Amino acid sequence: GAGVSQSPSNKVTEKGKDVELRCDPISGHTALYWYRQRLGQGLEFLIYFQGNSAPDKSGLPSDRFSAERTGESVSTLTIQRTQQEDSAVYLCASSFGQGSEKLFFGSGTQLSVL
Amino acid sequence: GQQVMQIPQYQHVQEGEDFTTYCNSSTTLSNIQWYKQRPGGHPVFLIQLVKSGEVKKQKRLTFQFGEAKKNSSLHITATQTTDVGTYFCARPNFNKFYFGSGTKLNVKP
């Protein structure tokens, strides 16, 4: 596609439920990033995928968070047993990778945990 | 370590006034990027600075990279209401990027 696509755009869930967020990067982009942005705050790094290398999971806040990526395509971010503090916008970005390439962001998924 | 400090956190200006945001690091940066996020939108890449002392201009926006490559600034001349948003700097760290906390700019018409 023309840009990074994320779905759903909004997700409301109950505390304790699992959620799955999806990201479709720009075709040809080998690097994919997930960030979390709480209301009025900056971007918090979560996880980074580069090609077929092992992902950098150093930013995941707890073991309730996990992410997968199939090759150089779609990625899913899963949050298990959601908590109210998980409420935020989850942004996905992609780039050509291998160095300091500029990031292209999707429009994000607004997650609200009630 | 991995963080970049951005100041100010907020800036309110009258349309036509200038605006500057600063990004500071305790360690030398290989390069630095700037992004703009409009209200309700997602971050959009503006520019990347690589060389010591580099200055780049995009219309009314001037970006600088310090001589020691530890700080950077974004200056907007004669702000317009279209400049409203949050400006982030981002530093690379082993192929991933850490973002500053951002400077939120509000422009009164």
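Before going into details, it helps to say that this report is about the structure given with it. Only a predicted model underlies this, so the values are computations on that prediction, with no experimental measurement involved.

### Some thoughts on the sheet that holds strand β7 (residues 75-79) of chain A
Residue and element names in this part refer to chain A.
Line of reasoning, step 1. With antiparallel pairing, four strands are arranged side by side in an open sheet as β1-β3-β7-β6. Of all strands in the sheet, those bounded by a partner on one side alone are β1 (5-7) and β6 (65-69). For this sheet, the mean angle separating the axes of adjacent strands, direction not counted, is 15 degrees.
Line of reasoning, step 2. Where β6 and β7 come together, five bridges link them in antiparallel fashion. Bridged to A67 within β7 is L77.

### Brief notes about the interface of chain B and chain A
Line of reasoning, step 1. Listed as interface residues are 17 residues of chain B and, on the opposing side, 20 residues of chain A.
Line of reasoning, step 2. Around 1,500 Å² of area is buried between chain B and chain A when both sides are counted, 55% of it from carbon and sulfur atoms.
Line of reasoning, step 3. For chain B, the biggest contributors to the area lost against chain A are B:N95, B:K96 and B:F97; these three give 35% of the whole.
Line of reasoning, step 4. At the surface where chain B touches chain A, the tally comes to zero salt bridges.
Line of reasoning, step 5. Summed over the shared surface of chain B and chain A, the number is three residue pairs in polar contact (both at pLDDT 80 or more).
Line of reasoning, step 6. Counting only elements with at least two residues in the side of chain B that touches chain A, the list comes to β4 (32-37), β5 (44-49), β9 (85-93) and β10 (96-99) of chain B.
Line of reasoning, step 7. The biggest single contributor to the side of chain B that touches chain A is β10(B), with four residues.

### Notes on the state of the cysteines
Residue and element names in this part refer to chain A.
Line of reasoning, step 1. Tallied over the full model, the rule gives two disulfides over all chains.
Line of reasoning, step 2. C23 shares a disulfide with C92; S-S distance 1.9 Å. A torsion of -65 degrees about the S-S bond marks the disulfide between C23 and C92 as left-handed. With a gap of 69 residues between them, C23 in strand β3 (residues 19-24) and C92 in strand β8 (residues 88-95) connect regions that are remote in the sequence.

Calculation criteria
- Residues numbered from 1 in each chain as written.
- Chains lettered and ligands numbered in written order.
- Predicted model: local features only at pLDDT ≥ 70, side-chain atom pairs only at ≥ 80, totals over all residues.
- Heavy atoms only, no water.
- Pairing = 2+ DSSP bridges.
- Helix = DSSP H or I, 4+ residues; strand = E, 2+ residues; numbered from the N terminus.
- Axes fitted to C-alpha atoms, helices over the stretch in contact; angles between N-to-C directions.
- Contact = heavy atoms within 4.5 Å.
- Buried area = accessible area lost by both parts, 1.4 Å probe.
- Salt bridge = Lys/Arg side-chain N within 4 Å of Asp/Glu carboxyl O.
- Polar contact = N/O pair within 3.5 Å; in protein donor to acceptor, adjacent residues only side chain to side chain.
- Disulfide = S-S within 2.5 Å.

Structural measurements only, silent on function.
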